[in-house]
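# Residue-level structural notes
For reference, the chains in residue letters:
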Amino acid sequence: MRLFLTLLLAVGLVSCVDPVDGILLGTVDVLVVDGIINNLPEPQVIRLNRSKSDPFTGQTGFTPITGATIEVVVDSAEAIPCHETTEGNYQLPSDFKGKIGHAYQLRFSLADGTRYASTQQIMPAYPVPAINKLTARFNPKSLRTPLDGFYTAGHDLFVEFKDPVEAHNYYRWDWKIWEKQQWCRTCQQGVYAVYGIRDSLVLSNASRGNYYIYTEDRSTRLEDCYRELTPPAFSYRTPLPNYAYDYMCRTNCWEIFYSHDITVFDDVYTNGGLITGLKAAQIPFYTYNPCLVEVRQSSLTVDAYGYFKAIQDQTERTGGLADTPPSVLAGNVHNVANRKEVVVGFFSASVLTSLRYWLDRKDASGVSFGGSGPAGYGGDVGSELFYVLNRRQPAMEPTPPAIPQMVIQNSLNRPPTAFCLPSDTRTPNKPEGWRD
Amino acid sequence: MLRFLFILLFGLNSLSASAQILYTLSGTIRDSTSNQPVVRAAVVLDYDKSATGTYTDEQGRYSIKTRMGQHIVVVRSIGFVPFRTTISIRGNTTLDVRLPSVASQLEEVVVTSKGYDRNVRQPLLGVSQINIATLKKMPAALGEVDIMRSLQMLPGVTSVGEAANGVNIRGGTTDQNLILMDDTPIFNPTHMFGLFSVFPPDAVGGLDLYKGNVPARYGGRAASVLDISLRNPDLNEFKLSGGASLVANRLTVETPIIKGKLGLLVSGRGAFNDFLLRLASKRLDDIRAKFGDGAAKLFWRIDDRNTVTAMGYFSQDLFQTNLLGSLANVNAINTQYAQQTANGMVRWFHAFNPRLNLQTTALVAQYIPRILSTEDSTFNKVVLKQSLLQRQVKSNLNYQLDNQKIEIGISGTHYRLNPGELIPNNSLAVNYQRTPIENAMELGIYAEDEMSVSEKLAVSVGLRYSHFLSLGPSVVRRYGSEGTGGAVYDITNVVDSVRYGAGQVASQYGGFEPRLGLRYALGDNSSIKLGYNLMRQYLQVITNTTTPLPTSRWKTSDAHIQPQVSQLWSAGYFHNSKNNIFELSAEVYWRSTQHILDYKPGADFLLQPYPETQLLPGRSKAYGLEIMMAKKKGELTGWVNYTYARTLNQVAAGVDFQQQINGGDWYKANYDRPHSLNISLNINQGRHHSFSFNFSYSTGRPYTAPEGFIRYQGRTYPYYDERNQYRLPDYHRLDFAWNIYNPSMKNRRWQGHWTFTVYNLYGRRNVYSIFYRTEGQATNPYRLSIFAAPIPSLTYNFEFK
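Here the structure is a predicted model, which is why all the values come from computation and not from measurement.

## As for the sheet that holds strand β21 (residues 274-284) of chain A
Residue and element names in this part refer to chain A. Ordered by their spatial adjacency, 3 strands build an open sheet running β12-β13-β21, and the pairing between neighbours is antiparallel. The open sheet is flanked by β12 (133-139) and β21, the only strands paired with a single partner. Strand-to-strand twist of the sheet, defined as the mean angle between neighbouring strand axes without regard to direction, takes the value 25 degrees. With 7 bridges connecting them, β12 and strand β13 (residues 154-162) associate as antiparallel partners.

## So, the packing of aromatic side chains
Applying the stated criterion across every chain, the model contains 43 aromatic pairs over all chains. Judged by centre distance (5.0 Å) and plane angle (35 degrees), the ring pair of Tyr170(A) and Tyr305(A) falls under tilted. Here the residue Tyr170(A) occupies a position in strand β14 (residues 170-180), and Tyr305(A) occupies one in helix α2 (residues 302-315), the gap between them amounting to 135 residues. Each member of the pair, Tyr170(A) together with Tyr305(A), is buried. Ring centres of Phe468(B) and Tyr538(B) lie 4.9 Å apart, and the angle between their planes is 0 degrees; this geometry places the pair in the stacked category.

## Digging into helix α3 (residues 383-390) of chain A
Residues and elements named next belong to chain A. Most of α3 is tucked away, with 6 of its 8 residues classed as buried. Where α3 is concerned, the buried positions are Ser-383, Glu-384, Leu-385, Phe-386, Tyr-387 and Val-388. In the core, the buried residues of α3 are packed alongside β14, β15 (183-188), β18 (244-248) and β19 (254-258). Remark: Arg-391 follows α3 within two positions and exhibits a positive phi of approximately 60 degrees.

## Considering the domain arrangement of chain A
With domains assigned, chain A is organised as domain 1 (30-122) and domain 2 (128-298 + 352-435). A C-alpha centroid distance of 29 Å is found between domain 1 of chain A and domain 2 of chain A.

## Side note on the pattern of salt bridges
Residues and elements named next belong to chain A. Taken as a whole, this structure holds 51 salt bridges over all chains when the rule is applied. Between Glu-223 and Arg-250 there is a salt bridge, with its nearest N and O atoms 2.7 Å apart. With Glu-223 in strand β17 (residues 211-227) and Arg-250 in the loop between β18 and β19, this pair connects stretches of sequence that are 27 residues apart. Given a relative accessible area of 18%, Glu-223 falls into the buried group. Taking relative accessible area as the criterion, Arg-250 reaches 35% and is therefore assigned partly exposed.

## A few points about the interface of chain B and chain A
Taken together, the contacts link 78 residues of chain B with 82 residues of chain A. Buried area between chain B and chain A, summed over both chains or domains, comes out near 7000 Å², and the portion from carbon and sulfur atoms is 62%. Arg715(B) is the salt-bridge partner of Glu316(A), the closest N and O atoms lying 3.0 Å from each other. Scanning the region where chain B abuts chain A turns up 18 residue pairs in polar contact (both at pLDDT 80 or more). Elements represented by at least two residues in the side of chain B that touches chain A include exactly α6 (274-280), β44 (708-712), β45 (715-719), β49 (767-775), β50 (778-785) and β51 (791-800) of chain B. It is β49(B) that provides the largest number of residues to the side of chain B that touches chain A, a total of 7 residues. Its residues placed into classes, the side of chain B that touches chain A shows 47 nonpolar, 21 polar and 10 charged. Bridge count for strand β1 (residues 16-19) of chain A against β50(B) is 4 bridges, and the pairing is antiparallel.

Parameters and conventions
All chains use their own residue numbering, which begins from 1 and follows the written sequence. As they are written, the chains are lettered A onward and the ligands numbered 1 onward, keeping that order. pLDDT decides what is reported in this predicted model: residues at 70 or higher carry local features, side-chain atom pairs at 80 or more are listed and counted, and totals for whole chains, interfaces and linings draw on all residues regardless. With hydrogens and water excluded, all non-hydrogen atoms of the structure serve as input to the side-chain values. Each pair of strands is called paired provided DSSP finds at least two bridges between the two strands. By definition, any uninterrupted DSSP run of H or I lasting at least four residues is a helix, any uninterrupted run of E lasting at least two residues is a strand, and each is numbered from the N terminus. As a rule, the C-alpha atoms of each element are fitted with a line to give its axis, helices using only the stretch in contact, and angles between N-to-C directions run from 0 to 180 degrees. When the centres of two rings from Phe, Tyr and Trp lie within 6.5 Å, Trp using its six-membered ring, the rings pair. Their planes under 30 degrees apart give stacked, over 60 give edge-to-face, and anything left gives tilted. In this scheme, a residue with accessible area under 20% of its type's maximum is buried, one over 50% is exposed, and one in between is partly exposed, where area comes from a 1.4 Å probe on protein chains only. Residues count as neighbours in contact if any of their non-hydrogen atoms are within 4.5 Å of one another. The domain boundaries here were taken from an automatic or database domain assignment. A side-chain nitrogen of Lys or Arg and a carboxyl oxygen of Asp or Glu constitute a salt bridge if their distance falls within 4 Å. In this description, buried area is defined as the sum, over both parts, of the accessible area (probe of 1.4 Å) that is lost when the two are combined. Throughout this description, a polar contact denotes any pair of N or O atoms lying within 3.5 Å of each other; where both atoms belong to protein, one of them has to be capable of donating a hydrogen while the other can accept it, and for residues adjacent in sequence the pair is counted only when both atoms sit in side chains. As a working rule, the residues Ala, Val, Leu, Ile, Met, Phe, Trp, Tyr, Cys and Pro are called nonpolar, Asp, Glu, Lys and Arg charged, and the rest polar, with Gly in that last group.

Structural data, given as structure tokens:
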């Protein structure tokens, strides 16, 4: 009797968290600055965007800001200009090296002439401690935010390091992982072609109507998807059916994933201590294959730490009984002419160290995220990672006796393999530390 | 259906009042020792039904007309033991009574109020004397009688939600209520983060809630006073009572040690059933919830003129849930919240004569909240501890004249506050840290005169002077731009530091606190009352959470944190129906508070030796209208009340937008809930059953929602601008309780009764908060409800006499 009532009690007492329909009419219109430069010999990028709500629909849009003139002032003496690489991304010259103990300040003016400046940030004047070691442990409930609303398995990565006693240190951890990728390209309503394609239109009164003939021409290289053309009306091919074919990689290829959560730490209680077992990363259990993890430990300025902590408190650490009510996320950049304008984002300088770890995932159990779809594990190699990125199983271009939707004449060895195109999330170069 | 019942019962009552033959009950009341007639003794008939009464004349004679049947007769007079009997009237009857004036004489003098109708005749405005027996019949969450939750059924008392660690009274924050248990302060009135209250229900004798005119003998908090007194042990009989419910088990024992002279009451309650929660569901694996509290009271009647009372109270809590955050920057796998309260009091009552008495009390109260973080692999617990110790001596002299009651008194309090101490125990990583201890003294002297100026006019005039000293050893910083009226306390602005030695006065504050009340009787049954109060508060909670955590930091006033000063103007109209069955009251109030504390964005008070750098001072205004109608007698009793109340704050501590909230405009306080409606009904079905319903409705509290989204570092984050611009959905809930007394219908020494309660009868998912969480790359809104389903529970209570 008592247990029954306790069960009833338990059902009621467990607090309920339900999603709510997004309801708000946004009125935001702010400039967002993202620039944390560090002391490593890697590209230092500063990003600007404007986040603005449409006054009629309330939806927020983000447009990268182009045409701005940006410079970083070192020690109030030297001004180093940045050049725009892609829209909204401004890069410091490749020979720039951030130095510890030096002061950096961001100054920029937009295309319309408005000038902004940040506070001066001093790159922490002591080297960030090296990570002594990383240990990984499989945890079925690792991920704070479940993937697709339900999947939480992953590996917790714990760092160990000795906190220097001489200074008050503020840390942040990011990670990136390389996973072996087998599928390099997906073509929608078309096929992948290594060489150029010539199309010729055939007008016909027959029942199938007009149609195109595609011929591969070996003289030029395309190395891209060739989209099927819609023939003019009275064609069995109008409208075009919806289909997609996936193509495997020709060379070795690695997919890169980045962390998104904010993990920060302040040594206020542990100054000088040996910090062990601090969870710095949660790597989702994407596939049963091993991956290479790089954990980046950065030492922040006190202002940058305060900023990231405020973001973490009001965006990730919510939903408790005694939350801190959120407030404006104004950073350290301000409009020179109008101090009341709120600019979001932070410019700071941090000292970085990193450590790579080979996560072999041999201690994992259960279903990986790549195998958690309705079709389970696909038969093709690399289909787990494919599912992670696309939420479906790969579909190769059909081979004889099956006929693909779009037929290319004079094409050898179909289906072709695709080029591994380097980008922010993909690389054909073997990452250092990768074990075959 | 309920309305029909209401009308039916009214009809029955009035029906029985008409068509009867009246007989006379008369007699003489005499003092049993001297045989002298007792003048102006109150003779009351049927106090529980229609309450007719009269006073005896100069010869001690009385005469009442009443109808045939069984009646309960009660005879009372100051200085005598009340006489009660049941008589059967079949014709004109004579009843002579001899009243003994011995033994409990002293208790009666302290407890009795002038006349039996407090509402109209007492000049004090806004005081609610709550009957603990009524409270025990009201539906309680999870079967445990909860004083804090029941208080919210009164007008003007609200909270931020179900898991609130205190109540908000007339626009004040939770720490602005002075909660006293037998004169000892209670700093945290709830167990398990707001689910239960700390007062042992079997030991509580009476509750007085002063929300309007607060008598001059109370000081130290800005909004209200909740004075709870534990009952005195019976000096003649051994009594045992207790109960068991799903949540807690209770036992109370009272016994005379020397019959008629010395008695002891011990009451304890313990809740250890959380292991059942873990058996019930894997989702509840991480919940630990244990609490216990106990009170002991000793009453010693030395002789006719002297009594000594001693009280001790102890309470302990341990709570673990993932709904409360963990201690940042300590690497822990789980976090527990523990708190401990230990209070003690000794009071000496001396009566010089029946009109003049002196009460002297010495008390100590200690509150220790802790956060325990368990480290990975070593399972070592790192403890963050706060401790607040209050020691107080006070004395007051009461002089009762014919038309006046004069009280003068003094009080001295010492505070010793340890704001935070980090104890690593066996940790390899965490270092020991502490914040400087705060020492302070608060002195008060007051005089109050309640007088009936004329038949119609009664006035209560009180004046209190309080003085506060912040004592060393301490280090006080001096900041630049002080003296410009808008001091900016920032670490970049420090000009100097001054060191004070032990016992040196670092800063002091003080002032008068007038307490005025006026009652003007418009007729026999109605009156208007006016009141004005000024109250000063020197000890407060600084927090930046929606509701203070049990571990939120307490702070005494110092050079940079001024005492809060609150002024309240109130006016009310009161009306009692004939026979005092119905009571109607309508009150309006306006409160203005200076030097309230709000916090800067990103404020962190933990182990912060200079909290003024995290705070922003401001001011608050609150106003409202409270209307209540109550039926106090009959088979159906209860009340309905409606309150319209607003609380707005304004913080404009500087020009920079980081020093203003909402640009310096008035903004809604976290607990601003404009409309509240409460209905509480109790239906006594004969001697064996009673049903009780509580219905509660209020507007949702404000919350801050994003004005849109921003894209930063590859994620979409919410962008917040102004605070508290939106409101949660409305809150309403219905509770039901069924009390079954003595089901075997026999009169025995051992009596038991069952209570079946359903909390949140129609299972409304009242929203406690709406929050946005950034998950992966997107931000999603969610709502949190605490009690999302009806919660039934069963409690068994027993009494052994």
